[in-house]
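Topology and contacts: notes
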Amino acid sequence: MDTKVLIIGACGQIGTELTAKLRATYGVENVVASDIRKLENDVVKNGIFEVLNALDYNQIEYLIEKYEITDVYLMAALLSATAEKNPAFAWDLNMNSLFHVLNIAKAGKIKKIFWPSSIAVFGPTTPRENTPQYTVMEPSTVYGISKQTGERWCEYYFKQYGVDVRSIRYPGLISWSTEPGGGTTDYAVDIYHKAILDGKFTSFLSENSALPMMYMDDAIKATVGIMQVPAEQIKIRSSYNLSAMSFTPREIAEEIKKHYPDFTIGYNPDFRQKIADSWPASIDDSYARADWGWQNDFTIENMTEDMFTNLKTHVYKK
Ligand code: VAH
């Protein structure tokens, strides 16, 4: 049976680039992008698009039957900083959207699910350096609690009902094609825009706040990759640690200065500092590399080059 994909939350930071990659991989006619509202962007213009509320079970089921969907990528969620401002809705959206898709799969109506977790599942009692796949996990954010709970349910639905759900604990993700979306790591996206626009940036995290990070191209490669390997290679059904690099606001500023020598950075930590302090500084992703061949292509150097090339070409047309 041909792979037919439904992406829920296709207009988000990951969804936008994931949709383009899935259309290129499986054919535009085999990919249905969906989001809560119809925006004027490439996701809507370049293929099949449906307005879909991730909390509407009947609507999800209807689209799956209408397009004979085999694989669902559930990307809709409230991220860490936004979730702290609206805990009840964050829990509702992050959890019930997952239950809807898991239950549709349990009913045999789809073959595979991708569901994103995050390094936010780790908390202040987790070893911060080279955080292992299996360790203490006491998340202290609404977002992290929802992701840890979601991981438990993914593993339960696999073990109890054979649902083929696959998951990755994304680090902070950096991309040029979408505006930052309420994440604690999003300073690392905004800094590139400000380097071009203003030549200076004020970080809402302190200069030595090291966090695990990844370029979006690598995140998309991992997302499509984990869904393409045979099921028997997926030995972890909660979620896989994934990593590419780790850096501090000061270190990314130093890298930017190689391109903009006069660039300056200031530090004004806000409520997001407490969130960042509860997360790992770096991640051990050896299980993903061993089980399904993960390896990153981007480091802070070539990511920074690629960010400026794309921002100047496609966004600021400089
Ligand atoms: C956030 N970008 O900051 C997300 C991510 C590890 C962080 O999950 O909330």
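Cut-offs and rules
- Residues numbered from 1 in each chain as written.
- Predicted model: local features only at pLDDT ≥ 70, side-chain atom pairs only at ≥ 80, totals over all residues.
- Heavy atoms only, no water.
- Helix = DSSP H or I, 4+ residues; strand = E, 2+ residues; numbered from the N terminus.
- Rg over C-alpha atoms; globule rule 2.2 N^0.38 Å.
- Buried < 20%, exposed > 50% of the residue type's maximum accessible area, 1.4 Å probe, protein only.
- Areas by Shrake-Rupley, 256 points an atom, 1.4 Å probe, with all protein chains shown as cover.
- Lys, Arg positive; Asp, Glu negative; His and termini not counted.
- Charge placed at Lys NZ, Arg CZ, Asp CG, Glu CD.
- Near = heavy atom within 4 Å.
- Polar contact = N/O pair within 3.5 Å; in protein donor to acceptor, adjacent residues only side chain to side chain.
- Nonpolar A, V, L, I, M, F, W, Y, C, P; charged D, E, K, R; others polar.
- Core = buried A, V, L, I, M, F, W, Y, C linked by side-chain atoms within 4.5 Å.
- Domains from an automatic or database assignment.
- Contact = heavy atoms within 4.5 Å.
- Axes fitted to C-alpha atoms, helices over the stretch in contact; angles between N-to-C directions.
- Parallel < 35°, antiparallel > 145°, perpendicular 65-115°, else oblique.
- Left-handed = near helix turned anticlockwise from the far one by under 90°.
- Buried area = accessible area lost by both parts, 1.4 Å probe.
- UniProt positions renumbered as here; feature names shortened; annotations may be inferred.
- Salt bridge = Lys/Arg side-chain N within 4 Å of Asp/Glu carboxyl O.
- Pairing = 2+ DSSP bridges.

For the protein, the count of helices and strands is 12 helices and 12 strands. Over its C-alpha trace the protein gives a radius of gyration of 19 Å, about what one expects of a compact globule, namely 20 Å for 318 residues. Expressed along its principal axes, the backbone C-alpha trace of the protein runs to roughly 55 × 45 × 40 Å. Within the protein, the proportion of its 318 residues that are buried is 56%. Carbon and sulfur atoms make up 50% of the accessible area of the protein, which amounts to about 13,100 Å² in all. A distance of 2 Å separates the average location of the 32 positive side-chain charges in the protein from that of its 40 negative side-chain charges.

This part takes up the site of the ligand. Surveying the vicinity of the ligand reveals the residues Leu79, Ser80, Ser118, Ile119, Tyr143, Tyr170, Pro171, Gly172, Gly183, Thr184, Thr185 and Trp279. Contacts to the ligand include Tyr143, whose side-chain N or O atom sits 2.8 Å from an oxygen atom. At 3.0 Å, a side-chain N or O of Thr185 approaches a nitrogen atom of the ligand. Here the ligand has 280 Å² of accessible area as a free molecule, and 96% of this is covered by the chains. Partitioned by chemical class, the residues of the shell around the ligand number 6 nonpolar, 6 polar and no charged.

Residues Ile8, Ile174, Tyr192, Phe247 and Met303 are the most contacted members of the largest nonpolar core, which totals 65 residues. Each of domain 1 (5-172 + 214-241) and domain 2 (175-213 + 245-315) contributes no fewer than three residues to this core. In contact with Ile8, not counting residues within four places along its chain, are Ser34, Leu52, Ala54, Ile60, Val72, Tyr73, Leu74, Met75, Ala76 and Val101. In this structure, Leu22, Phe49, Ile226 and Ala288 belong to the second largest nonpolar core, which totals 36 residues.

Where helix H5 (residues 87-106) contacts helix H6 (residues 142-161), the two axes come as close as 10 Å, and the packing angle between them is 15°. Accordingly, the angle class assigned to the pair H5 and H6 is roughly parallel. Handedness of the crossing formed by H5 with H6: right-handed. Residues Pro87, Ala90, Trp91, Asn94, Met95, Leu98, Phe99, Leu102, Asn103 and Lys106 of H5 pack against Val142, Tyr143, Ile145, Ser146, Thr149, Gly150, Trp153, Cys154, Tyr157 and Tyr161 of H6. Classifying every residue of the contact of H5 with H6 gives 14 nonpolar, 5 polar and 1 charged.

Another aspect to go through is the domain arrangement of the protein. Looking at the assigned domains, one finds that the protein contains domain 1 (5-172 + 214-241) and domain 2 (175-213 + 245-315). Computed from C-alpha atoms alone, the centre-to-centre distance between domain 1 and domain 2 is 22 Å. At the interface, 42 residues of domain 1 touch 41 residues of domain 2. Counting each side, the surface lost to burial between domain 1 and domain 2 is near 3,500 Å², with a carbon and sulfur contribution of 59%. Together, Gln13, Arg128 and Tyr215 form the three largest contributors to the area buried by domain 1 at its contact with domain 2, with a combined 21%.

Non-glycine residue Glu68 carries a positive phi angle of around 50°. Of note, Glu68 is situated in the loop between helix H3 (57-66) and strand S4 (71-74). Backbone geometry at Asn130 places phi at a positive 50°, although glycine is not the residue there. With respect to the helices and strands, the residue Asn130 is situated in the loop between strand S5 (112-118) and H6.

In this section: the UniProt feature "domain: NAD-dependent epimerase/dehydratase" (unreviewed entry) in the protein. UniProt records the feature "domain: NAD-dependent epimerase/dehydratase" (unreviewed entry) for residues 5-233 in the present numbering. Secondary structure across residues 5-233 comprises 43% helix and 19% strand; the distance between its end C-alpha atoms is 21 Å.

Another aspect to go through is the pattern of salt bridges. Considering all chains together, one arrives at 16 salt bridges under this definition. Members of the salt-bridge network, linked through shared partners, are Glu61, Glu65 and Lys109.

Remark: helix H1 (residues 13-26) packs on helix H8 (residues 216-228), axes separated minimally by 10 Å, with the N-to-C direction vectors making an angle of 55°. By the angle between their axes, H1 is oblique relative to H8. As for the relative orientation of H1 and H8, their crossing is right-handed in sense. Contacts between H1 and H8 involve Gln13, Ile14, Glu17, Leu18, Lys21, Leu22, Thr25 and Tyr26 from the former and Met216, Asp217, Ile220, Thr223, Val224 and Gln228 from the latter. Of the residues belonging to the contact of H1 with H8, the class tally is 7 nonpolar, 4 polar and 3 charged.

A separate point is the sheet that holds strand S3 (residues 48-51). A sheet is described by the order of its strands in space; here 7 strands give the open sequence S3-S2-S1-S4-S5-S6-S10, paired in parallel fashion. The outermost strands of the open sheet, each flanked by one partner alone, are S3 and strand S10 (240-241). In this sheet, strand S2 (residues 31-35) lies alongside strand S1 (residues 5-8) in parallel orientation, the contact comprising 4 bridges. Bridged to Ile7 within S2 is Ala33. Against the sheet, H6 makes contact with S5 and strand S6 (164-170), and its axis sits at roughly 145° relative to S5, the strand it touches most. H8 contacts S4, S5, S6 and S10 of the sheet and is inclined by roughly 155° relative to S6.

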